[in-house]
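Listed below are the residues making up each chain.
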Amino acid sequence: MQDKFYPFREIEPKWQKRWEEEKLFEVREDSNRKKYYVLEMFPYPSGRIHMGHVRNYSLGDAYARFMHMRGFNTLHPFGYDAFGMPAENAAIKMGIHPAKWTLNNIGVMRSQLDKLGYSYDWSREVTTCLPDYYRWNQWFFIRLFEKGLAYRKLSKVNWCNQCQTVLANEQAAGGRCWRDDSLVVQKELNQWFFKITDYAEELLQDTDQLADGWPERVLAMQKNWIGKSQGATVQFPIEGSSLQLTIFTTRIDTIYGATSIILSPDHPMLSQLDMPTDARLHLGEFRNRLRQGSSSEKETHSQEKEGLFTGVYAVNPFTEEKIPVWIANFVLMEYGTGAIMAVPGHDQRDYEFSSKYGLEIRPVIFPADGSPLPSGLAYEEYGVLRNSGPFSGLTSEQALCDMSEYAGQKGFGTATTTYRLRDWGISRQRFWGTPIPMIHCPGCGVVPVPFEQLPVLLPDTSEIQTTGGSPLAMMESFVQTTCPCCTGPALRETDTMDTFVDSSWYMFRYLDARNDTLPFRREKADYWLPVDMYIGGITHAVLHLIYMRFFAKAMRDLGLTGLDEPVARLFTQGMVLKDGSAMSKSRGNVVDPDDMIREYGADAIRLFILFAAPPERDMEWSQSGIDGCSRFLNRLYSLTSRFAPTLPGSAAAFDPAELPESSRALLRKTHQTIHRVTLDLGERMHYNTVVSSVMELFNAIGDYVTARGEDWPGDSLLRFSLETTLQLLSPLTPHITDELWERLGHGTCLIQESWPAYDPALGAEDEVEVVIQICGKIRSKILVARGRSQEELQQLALADPAVQKHIAGKALRKCIIVPDRLVNLVV
RNA sequence: GCGAAAGUGGCGGAAUUGGCAGACGCGCUGGACUUAGGAUCCAGUCCCGCAAGGGGUGGGGGUUCAACUCCCCCCUUUCGCACCA
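For every chain, the first residue of the written sequence is number 1, and numbering continues from 1 onward in sequence order. Here every chain gets a letter starting at A, and every ligand a number starting at 1, in the order they are written. pLDDT decides what is reported in this predicted model: residues at 70 or higher carry local features, side-chain atom pairs at 80 or more are listed and counted, and totals for whole chains, interfaces and linings draw on all residues regardless. Hydrogens are left out, water is left out, and the side-chain values use all remaining heavy atoms of the structure.

Generally speaking, nonpolar side chains in soluble globular proteins are found buried as a group. Here, nonpolar core means buried Ala, Val, Leu, Ile, Met, Phe, Trp, Tyr and Cys residues that are tied together by side-chain atoms lying within 4.5 Å of each other. A 1.4 Å probe rolled over the protein chains alone gives each residue an accessible area, and that area as a share of the maximum for its type sets the label: buried under 20%, exposed over 50%, partly exposed in between. Core analysis: the largest hydrophobic core is formed by 190 residues, its most contacted members being Phe194, Trp424, Tyr534 and Trp621. Val234, Ile238, Leu243 and Ala314 belong to the second largest nonpolar core, which has 39 residues in total.

Structure representation (structure tokens):
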């Protein structure tokens, strides 16, 4: 078994040890060198790494090593997103302390990572569940609180029964929990929030800055999530009362067609309305019915529209017309003002609703080209206003402006922008997270823990109560404290922070990971940031990646950095599949990285995982694919080992001009490969074509060697080509290449060498194959010296026997020539 | 329904600006060496055809001397959003 392969079991540990001893990957700021910051999304320490991690880290490692060799001062750190529920659940189930469980997992994962040979600067390692990390979460919390960016309010929140905690909106998108996909319910609770909405506009605007470096789809998802919408709010007085209903509309131009006002069933003003008794009774029933059907029916997206007349009327301030006030299930309290004006002529939803309940449909916008209005549905396009008093005749575009201005002048409305984005709810009713550093004092109210008392430590216990509330609330010794203001008895806040807080700024902590007076120093941030290349899955497009952007901006406004955006380039990698679907225990299709390392070695796995598909696409794990990569490394090993003892000592000891043609071809191929690999690795990140180019080069080396017979000792060109192959491959398969580099007589590791330089003169073909087409069909190919003129090429083409056969007796009408490539004769 | 991405041999996938479709790898076929092979080496491998030649990048149209590549329409798949007023 063992002798089937090159001895990777000796080679890989040998080099891992040496890299560590020589501290090759530890970096510090150096103002004389250009920096490069490569980062992979840090993992949750669930126990073992999986192939998705291997892909993620192999991509990042290849890139970091490549940038290192290109001369950049390359930062490549690693850490663990170590707070979270699996540890807590393990504690509840088995009585293990979550810290013990977590740190044990980290130990296992670390040994797996070590075996894969990644170039991390471990001196900067970060573990978010340790006090020296989470104290800074608390520090940020208080700083944000002081700036009014952290606040507490009673509100309806998403509650996941599985997780027994509240979730942020981003974590409950589509009404389902991001973690376990179960349905979330609404609960009214007092919760801490971060005021991300203060940054809604900036988060939206700055997507422009990111357009070059981030995938379009991620930005689209974020923009969509922020959901900016420009329109107007208009106040409708309630007839016979001093109350007003405020509605939000993006189509104030249609307001003369409004035939009712519709409120959300949750609208707070409902309780103040002077509703007839029977309507009030029906309202109660109506709400109950909605609540019963709620969760699962919210799933079906085209829920039947249902409404109820309140018996109350409002006055359209434009027309002074009296219109009925309804409530309906399709008006959401969470968006806009929770109240709309229904314009059934120009909004399909209002049309459906109004048709059902017999409300008037009154068209006020008509197509500008005079074509008739569609029948049976609402006309939602812009057009020209009619039946709109003084605004009749205006275009929609003009009316949108004029009418909100008019409303402003008259004092019953204003141009308004709303966002779908809501504040980030960060309270969690869980144990294993950062304690929120606040104290509830009966006299002084809610006050922050003084900075010098941080961190507020989690109790050291594995006995976690699960009675439904926050576990910390059950722990008397944690809860009881004294007020920092009045020194009287007080109670600690018992909720912990969302773990997305931890991951929102870890890329900053890496810069100064051992600092115990600040989260990081400004000068470190100024040197290293932004992250130049951030690699991870797309699953966090509107979770982690938007929180992280918010945090960066808030930190900037706290004076900690001078940076608008923390990540310049985001690369989203595809998933690793087996038999067409994601690996999972329940499907039984998991391939364990450890098994693969044992059988094939880290280099073969890394090579295959990069070769099998372009990195942004999903890839299929294939047994025979990794066999193929393993074979390639075996060939590389045996051929290099065979020539190592006999090769001439220097790779530069030949004169390109003196080489025979058969040698020049290999020299050309070598330079062409340098060129291609440099572009594919650096600009496109297409590792799959990097691997195939190097394989091509190695095949050419094989042919070169085979042609020279068994006893041939090799020449300096062979040395040059082999060494180049090792250099180009070293970011991908660092162990075998360092080993062979050493066997070729070098004392360095390849990451200490500079990246090979492409010489265009040596890479250029001096003979090229020119395709001859007749009317676009290939009829012949000729081999000519590079740089032939158009006239020469045309003459050569016409003289070709195959061409003559095809054009015999026909007149040449046109001749298209692409120098060095193609001649197309049109007859 | 809206938005985005993708569709190329038996399979994973190549193809700078429109310029030789199928690189590289897997698999398969035949051969060599072998006690043996999941090792190694050699040859072949898009389809039709003995050949000359013809056809071919989801389907249909178009632009062009020339289209996997650009434009229009349609189909399929994946992902995201989904009563957002």
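Back to the text.
It is worth spelling out the protein's contact with RNA strand B at this point. Each residue is tested against the molecule or strand, and it is near if at least one of its non-hydrogen atoms lies within 4 Å. Near RNA strand B, the surroundings consist of 53 residues, among which Thr250, Arg349, Ala612, Lys781 and Asn824 are the closest. When the atoms of RNA strand B within 4 Å of the protein are grouped by moiety, sugar and phosphate amount to 60% of the total. Throughout this description, a polar contact denotes any pair of N or O atoms lying within 3.5 Å of each other; where both atoms belong to protein, one of them has to be capable of donating a hydrogen while the other can accept it, and for residues adjacent in sequence the pair is counted only when both atoms sit in side chains. In this structure, Arg631 approaches RNA strand B through a side-chain N or O atom, which is 2.9 Å from a phosphate oxygen. Within the contact set of RNA strand B, a phosphate oxygen lies 3.0 Å away from a side-chain nitrogen or oxygen of Asn688.

What makes a salt bridge here is a side-chain nitrogen of Lys or Arg within 4 Å of a carboxyl oxygen of Asp or Glu, nothing more. As enumerated under the stated definition, the model contains 47 salt bridges in all. Between Glu723 and Arg719 there is a salt bridge whose closest N-O contact spans 2.6 Å. Pair noted here: Glu723 and Arg719 are both in helix α22 (residues 716-729), with a separation of 4 residues, about one helical turn. Under the relative-accessibility criterion, Glu723 is labelled buried at 7%. Residues participating in the shared-partner salt-bridge network are Glu202, Asp206, Arg549, Lys553, Arg556, Asp557, Asp564 and Glu565. Numbering of helices and strands runs from the N terminus; a helix is a DSSP stretch of H or I covering at least four residues, while a strand is a stretch of E covering at least two.

This brings us to helix α10 (residues 348-357). For α10, every residue scored as buried is listed here: Asp350, Tyr351, Phe353 and Ser354. Summarising the contacts, the buried residues of α10 are in contact with β10 (260-263), β11 (307-316), β12 (321-328) and β13 (339-342). Downstream of α10 by one or two residues, Gly358 has phi in the positive range, about 70 degrees. Contacts are assigned to residue pairs with any non-hydrogen atoms lying within 4.5 Å of each other.

Below, the discussion takes up the environment of Gly79. Assignment of secondary structure puts Gly79 in strand β3 (residues 79-80). For the pair Gly79 and Met41, spaced 38 residues apart in the sequence, the C-alpha separation amounts to 9.0 Å. Excluding residues that lie within four positions of it along the chain, Gly79 makes contacts with Phe42, Pro43, Val126 and Tyr510.

With that settled, consider the sheet that holds strand β2 (residues 73-75). Any two strands are treated as partners once DSSP identifies two or more bridges connecting them. Read from one edge of the open sheet, 4 strands run β2-β1-β24-β25, paired in parallel fashion. The open sheet has two edge strands with one neighbour each: β2 and β25 (570-572). Pairwise comparison of adjacent strand axes, ignoring direction, gives a mean angle of 20 degrees for this sheet. Of the pairings in the sheet, the one linking strand β1 (residues 35-40) to β2 comprises 3 bridges and is parallel in character. Opposite Tyr36, over in β2, you have Thr74 as the bridge partner. Where helix α2 (residues 51-69) meets the sheet, it contacts β1, β2 and β24 (533-536), and its direction lies at approximately 170 degrees from that of β1. Here the axes come from fitting lines to C-alpha atoms, over the contacting stretch only for helices, and the angles between their N-to-C directions go from 0 to 180 degrees.

Let us look at a positive patch on the surface. Like charges within 9 Å and nonpolar side chains (Val, Leu, Ile, Met, Phe, Trp, Tyr) within 5 Å are joined into patches, using only residues over 30% in relative accessible area that form no salt bridge. Accessible surface area values rest on a Shrake-Rupley calculation with a 1.4 Å probe, where residue burial reflects the displayed protein chains alone. Think of it this way: Lys and Arg go in the positive column, Asp and Glu in the negative one, and His and the chain ends go nowhere. In plain terms, the charge of a residue is placed at NZ if it is Lys, CZ if Arg, CG if Asp and CD if Glu. A cluster of basic residues, Lys777, Arg779, Lys805 and Lys810, forms a positive patch on the protein surface. Structurally, Lys805 can be placed in helix α26 (residues 801-807). By relative accessible area, which is 67% here, Lys805 ends up exposed.

With that settled, consider the packing of aromatic side chains. A pair of aromatic rings is counted whenever rings of Phe, Tyr or Trp (Trp by its six-membered ring) have centres within 6.5 Å, and the orientation is called stacked for planes under 30 degrees apart, edge-to-face for over 60 and tilted otherwise. Scanning all chains against the criterion turns up 62 aromatic pairs. The interplanar angle of 80 degrees and the centroid separation of 6.1 Å between the aromatic rings of Tyr57 and Tyr118 together place this pair among those described as edge-to-face. Here the residue Tyr57 occupies a position in helix α2, and Tyr118 occupies one in the loop between α4 (98-116) and β4 (126-127), the gap between them amounting to 61 residues. Here Tyr57 matches Tyr118 in class, with each residue buried. Between Phe309 and Tyr313, the aromatic rings sit 5.5 Å apart at their centres with planes inclined by 70 degrees, giving edge-to-face as the arrangement. Two conditions define a charge sitting above a ring: the NZ of Lys or the CZ of Arg must be within 6 Å of the ring centre, and it must be within 35 degrees of the ring normal. Over the ring of Trp19 we find Arg65; its NZ or CZ atom is 4.6 Å from the centre of that ring. Over the aromatic face of Phe330 sits the side chain of Lys305, whose NZ or CZ is 5.5 Å from the ring centroid.

To continue, consider the sheet that holds strand β32 (residues 822-826). The sheet built from 4 strands is open, its strands ordered β30-β29-β32-β31 with mixed pairing. Each edge of the open sheet carries a strand with a single partner, namely β30 (777-785) and β31 (814-818). Strand-to-strand twist across the sheet, computed as the mean angle between neighbouring axes with direction ignored, equals 15 degrees. Bridging between β31 and β32 involves 5 bridges; their strand directions are antiparallel. Among the inter-strand pairings, Cys815 is bridged to a residue of β32, identified as Leu825.

Put simply, side chains in a regular strand alternate between the two faces of the sheet. Relative to strand β7 (residues 184-194), strand β5 (residues 150-160) runs antiparallel, the two sharing 11 bridges. Bridging across to β7, Ala150 finds its partner in Phe194. Direction of pairing for β7 relative to strand β17 (residues 424-425): antiparallel, over a ladder of 2 bridges. From the neighbouring strand, Phe193 faces β17, where its bridge partner is Gly425.

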